[in-house]
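Residue-level listing of the chains:
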Amino acid sequence: MAREMTSASSAVQEVPLDLLRHSCAHLMAQAVRRLWPDAKLAIGPTIDNGFYYDFDVPVAFSSEDLVKIEALMRDIAREDLPIVQKHWPRQELLSTYRNLGEVYKVEIIEEDVPDPEVSVYHQGEFFDMCRGPHVASTGQIQHFKLTSVAGAYWRGDEHRPMLQRIYGTAWHTREELEAYLRQLEEARARDHRRLGQELDLYSVQEDIGPGLIHFHPMGGRIRHVIESFWRETHLRRGYELVYSPHIAKTDLWQRTGHLEFYAENMYAPMEVEGQKYIIKPMNCPFHILMYKSHLRSYRDLPMRYAELGTVYRYERSGVLHGLLRVRGFTQDDAHIFCTPGQLPGEIVGVIDLMQYMMKSFGFTYRCVLSTRPEKSVGEPAVWELATAALRDALEAKGLEYTVDEGGGAFYGPKIDIILLDALGRGWQGPTIQVDFNLPERMDVNYIDESGEKRRVVMVHRTVLGSMERFLGNLVEHYKGAFPFWLAPVQAVIVPITDEQLDYGRRLAERFWDAGLRVEVDGRREKMNAKLRDAETRKVPYMLVVGKRELAEEKVALRKHGEGDLGPMPVDAVLARFKERTRRARWLKDFGRRLPSQGGRGYLDRLGAGIPARGGRFRARAGLRVRSKVRLRVRQECTGLRPATLIRRSSKPHTWPSRTESESTSRSRNGRFG
RNA sequence: GCCAAGGUAGCUCAGCCGGUAGAGCAGCGGUUUCGUAAACCGCCGGUCGGGGGUUCGAGUCCCCCCCUUGGCUCCA
């Protein structure tokens, strides 16, 4: 591969970033080798934003060592050693590496490099087997930084030696490097663990146990808002809310197969009157038994059982992470029991609901469809049907997705939704999984039109993920500054002197009566201190009341992060706030359009539900609803005039188009269902 | 679970070669009644993560355990 030597400064920009980083990994290895001549080299690939190299060294690298290595790297860069490719006969390279004791390189050659000639890159005294390409000389590597050390198993196998991995980052220009480092800072500022502490949202208590979350009052309020919204929406979409116990007899878990396939994530049984019980890692068995408490007809289906179900799963201590990876968590779980024919419609309904949730909370996301793995249960034809249902639903909803071939659970295909936070990092959130296993094992049936017993199709799904993880994602997404409808405290009333304290308290009553969460700051502090505290707590609004406001029945409105908006009549502020509540928005959505999954199983048959076809509400057709009663409710909740409401609801409903931003995924995937 | 780094007041952190623990904020008490991001004075506050050991003496050194963090592995 011919490459001409050009001066570093002009060539730098043209080199692909990946290549630069790979060369930087070599540069680091060379520096490590100079400092620790016995260091054995493993592999040194590029990753998002940087690179790493794995070393086997008898001493543990300290952070001072990183500084030393980095300094030496700069020296070697200054030496501007030409980087040249040579082709070594395989045998010669093998014996050289054997003589050097480079056991990892030897293993790589023996197992993965059959070619008679092997490409080796040389720079000064250092050489490394590598396909390349690389930059022309070490002098071209200018803007880099070593970021961390960590242990890493050789070939990712926990039974093999643990090596030391040094991570680094490299960029074309100083500006890019600094921008990246700033971005890391930014990510730290958004860290939900830090914000969770600062905003007093939650805690983990050493005396209680790792991975067990306590929602403090402010976190509790947010969770309450999310849960209320979730329940309302689910009832509205034809789900039934159920509640199940936290423990069940060992026999049940035997029957479901959890003891066989999931035991390593389950906690040991406890004994009660000679009977063994296990705390639940999943909610599905309970829902199944509720379903099975009656004989079900095809007319009952689909049945949708929803529950904010708290489960406990053993996670290895090293993987716990704030709210995002825990041992006890509450899934926003639901199980849908339906006929094979209903499956496609049900999947569409779930995706629609998921989209609605994501839109409501402001998340962007991407979708991954996982298909049949090697080891699986169920007929191939059924798998095909279910996978097609998932795929079709994604396409019908206009969602882009990637396919993880063979990445499904052994019991069925699934769609995973990766939430993207504001920094573009991805986290496994909602999941939709078809299950062929449990209905079989638990003998879950319905009676079809001809009186035959038929196996139901079962869908596990969450549309948020878990309350813990979702809250963590929300905190990072909004950097702790929750939108008005979610904010634990929506406004703080700030009396300037004690003279206005009573007025402030009267105002607070009015706001609470309107369903808003406000607080009066009655401390003997200066207004500035109160404002500062409210700003720090990221409260969306501050209502300053002084002499003038008291006289005119006004408040001076101040918005978080924006500042003073000037005095406003109290009624205007109330109206403004009510407009921003989720209830108001929900009613708007609800007024325009009923969910596609209007039918409600047995309720339909009792005449208590929404007519499946036609009917005054024309639910399924998605036409507007104009019931007088509903209008009145909406008027009350939104504060809008009837004419406005009717006009609004007459507009045809369209879902806003989503923009999918491509970005790196940092998925902690597949833990639900 | 593995490798590494940590754990000192409610929070953020300082504490040298082993000599008996300190700051800011928060809290509490007082004074101040103030117009858009921190008023002033004073006070209280510590099993130095837990246990054991070495030592005349341990926050500091050694061993075990717990928890946190960064990775690895795992993630039905």
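**Thoughts on the overall build of chain A**
Inference 1: When you go through chain A residue by residue, the secondary structure sums to 23 helices and 28 strands.
Inference 2: Out of the 673 residues belonging to chain A, those deemed buried represent 51%.
Inference 3: Considering only residue pairs separated by 6 or more positions, chain A has 72% of its internal contacts joining residues 24 or more positions apart.

**Details of the nonpolar core**
Inference 1: Counting 71 residues, the largest nonpolar core has I347, F361 and F482 as the members making the most contacts within it.
Inference 2: The residues touching F361, leaving out its near neighbours within four places in the chain, are I226, F229, L464, F470, L474, H477, Y478, W485 and L486.
Inference 3: Judged by nonpolar contacts, the second largest core, of 34 residues, contains W36, V57, L81 and C130.

**Some remarks on the pattern of salt bridges**
Inference 1: With the rule as written, the count across this model stands at 41 salt bridges.
Inference 2: One salt bridge in this structure joins R165 and D54, with 2.7 Å as the shortest N-O distance. Residue R165 is found in strand β8 (residues 162–171), and its partner D54 is found in strand β3 (residues 50–56); the two are separated by 111 residues along the sequence.
Inference 3: Residue R165 is classed as buried on the basis of its relative accessible area, which comes to 14%.
Inference 4: In this structure, R160 engages E107 in a salt bridge whose closest nitrogen and oxygen atoms are separated by 2.8 Å. With a gap of 53 residues between them, R160 in the loop between β7 (143–153) and β8 and E107 in helix α5 (residues 103–112) connect regions that are remote in the sequence.

**Concerning unusual backbone geometry**
Inference 1: For the peptide bond that leads from G132 to P133, omega is -5 degrees, which places it in the cis range.
Inference 2: As for its placement among the helices and strands, P133 is situated in the loop between β6 (126–129) and β7.
Inference 3: Here the bond from L301 into P302 is cis, since omega is 0 degrees, no more than 30 degrees from zero.
Inference 4: The residue P302 is located in the loop between α11 (284–291) and β15 (303–312) in this model.
Inference 5: One non-glycine residue, N49, lies in the positive phi region at around 70 degrees.
Inference 6: Mapping N49 onto the fold places it in the loop between β2 (46–47) and β3.
Inference 7: Its relative accessible area of 31% is what places N49 among the partly exposed residues.

**Details of the sheet that holds strand β16 (residues 328–338)**
Backbone hydrogen bonds hold the strands of a sheet together, and the pairing may be parallel or antiparallel.
Inference 1: Across the sheet, which stays open at both edges, the 8 strands sit in the order β11-β15-β16-β23-β20-β19-β17-β18 with mixed pairing between neighbours. Sheet topology places β11 (240–241) and β18 (401–404) at the edges, where each strand pairs with a single neighbour.
Inference 2: Note that β16 and strand β23 (residues 457–466) share 7 bridges and pair antiparallel. Residue pairing across strands places F337 opposite M458, the latter belonging to β23.
Inference 3: Its contacts with the sheet put helix α12 (residues 343–361) on β15, β16, β17 (364–370), β19 (414–420), β20 (426–435) and β23, and the angle it makes with β23 is roughly 5 degrees.

**Digging into the packing of aromatic side chains**
Two measures describe an aromatic ring pair: the distance that separates the ring centres and the angle between the ring planes.
Inference 1: In the structure shown here, the tally under the stated rule is 25 aromatic pairs.
Inference 2: Plain terms: the ring middles of W36 and F61 are 5.0 Å apart, the flat faces sit at 70 degrees to each other, and that makes the pair edge-to-face. With W36 in the loop between α2 (17–35) and β1 (40–41) and F61 in the loop between β3 and α3 (63–79), this residue pair connects regions lying 25 residues apart in the sequence. The pair W36 / F61 is uniform in exposure class, with both members buried.
Inference 3: The interplanar angle of 75 degrees and the centroid separation of 5.9 Å between the aromatic rings of Y305 and F337 together place this pair among those described as edge-to-face. Highlighted residues: Y305 in strand β15 and F337 in strand β16, separated in sequence by 32 residues.
Inference 4: On the basis of relative accessible area, Y305 is assigned to the buried category, the value being 8%.
Inference 5: The exposure class assigned to F337 is buried, which follows from its relative accessible area of 0%.
Inference 6: Chaining the aromatic ring pairs together yields one cluster made of F229, Y356, F361, F363, F470 and W485.

**Regarding the pairing of strand β24 (residues 491–495)**
Inference 1: In terms of burial, β24 is a largely internal element, 5 of the 5 residues being buried.
Inference 2: Residue alternation in β24 divides its side chains into two sets, A491, I493 and P495 and V492 and V494, and both sets are buried.
Inference 3: Two strands pair when backbone bridges link them, and β24 and strand β25 (residues 518–520) are joined in this way by 3 bridges, in the parallel orientation. Each residue of the ladder has a partner; that of I493, found in β25, is V520.
Inference 4: Read from β24 through helix α16 (residues 501–513) to β25, the crossover connection turns out right-handed.
Inference 5: Here β24 pairs with strand β26 (residues 541–545) via 5 bridges, running parallel.

**Re the protein's contact with RNA strand B**
Inference 1: Around RNA strand B, a shell composed of 51 residues is seen, among which Y153, Y262, S317, F410 and R524 lie nearest.
Inference 2: Close to the protein, within 4 Å, the atoms of RNA strand B belong to sugar or phosphate groups at a rate of 50%.
Inference 3: Y167 is positioned with one of its side-chain polar atoms (N or O) 3.1 Å from a sugar or linking oxygen of RNA strand B.
Inference 4: Within the side chain of R558, an N or O atom sits 3.1 Å from a sugar or linking oxygen of RNA strand B.
Inference 5: Where the surface near RNA strand B is concerned, the elements lending two or more residues are β7, β8, α7 (192–198), α10 (258–261), α17 (527–536), α18 (547–552) and β27 (554–559).

**Side note on the environment of V326**
Inference 1: Considering the arrangement of structural elements, one finds V326 in the loop between β15 and β16.
Inference 2: Put simply, V326 and I47 are 279 residues apart on the chain and 27 Å apart in space, counted from C-alpha to C-alpha.

**Considerations on the sheet that holds strand β28 (residues 563–569)**
Inference 1: Reading across from one edge, β25-β24-β26-β27-β28 is the order of the 5 strands in this open sheet, with mixed pairing throughout. Two strands bound the open sheet, and with one partner strand each, they are β25 and β28. Taken over all neighbouring pairs, the strand axes of this sheet differ in orientation by 25 degrees on average, direction set aside.
Inference 2: Against the sheet, α16 touches β24, β25, β26 and β27, its axis set at about 165 degrees to β25.

Rules behind the numbers
Residues numbered from 1 in each chain as written. Chains lettered and ligands numbered in written order. Predicted model: local features only at pLDDT ≥ 70, side-chain atom pairs only at ≥ 80, totals over all residues. Heavy atoms only, no water. Helix = DSSP H or I, 4+ residues; strand = E, 2+ residues; numbered from the N terminus. Buried < 20%, exposed > 50% of the residue type's maximum accessible area, 1.4 Å probe, protein only. Contact = heavy atoms within 4.5 Å. Core = buried A, V, L, I, M, F, W, Y, C linked by side-chain atoms within 4.5 Å. Salt bridge = Lys/Arg side-chain N within 4 Å of Asp/Glu carboxyl O. Pairing = 2+ DSSP bridges. Axes fitted to C-alpha atoms, helices over the stretch in contact; angles between N-to-C directions. Phe/Tyr/Trp six-rings, centres within 6.5 Å; stacked < 30°, edge-to-face > 60°. Right-handed = clockwise from strand over helix to strand, strands pointing away. Near = heavy atom within 4 Å. Polar contact = N/O pair within 3.5 Å; in protein donor to acceptor, adjacent residues only side chain to side chain.

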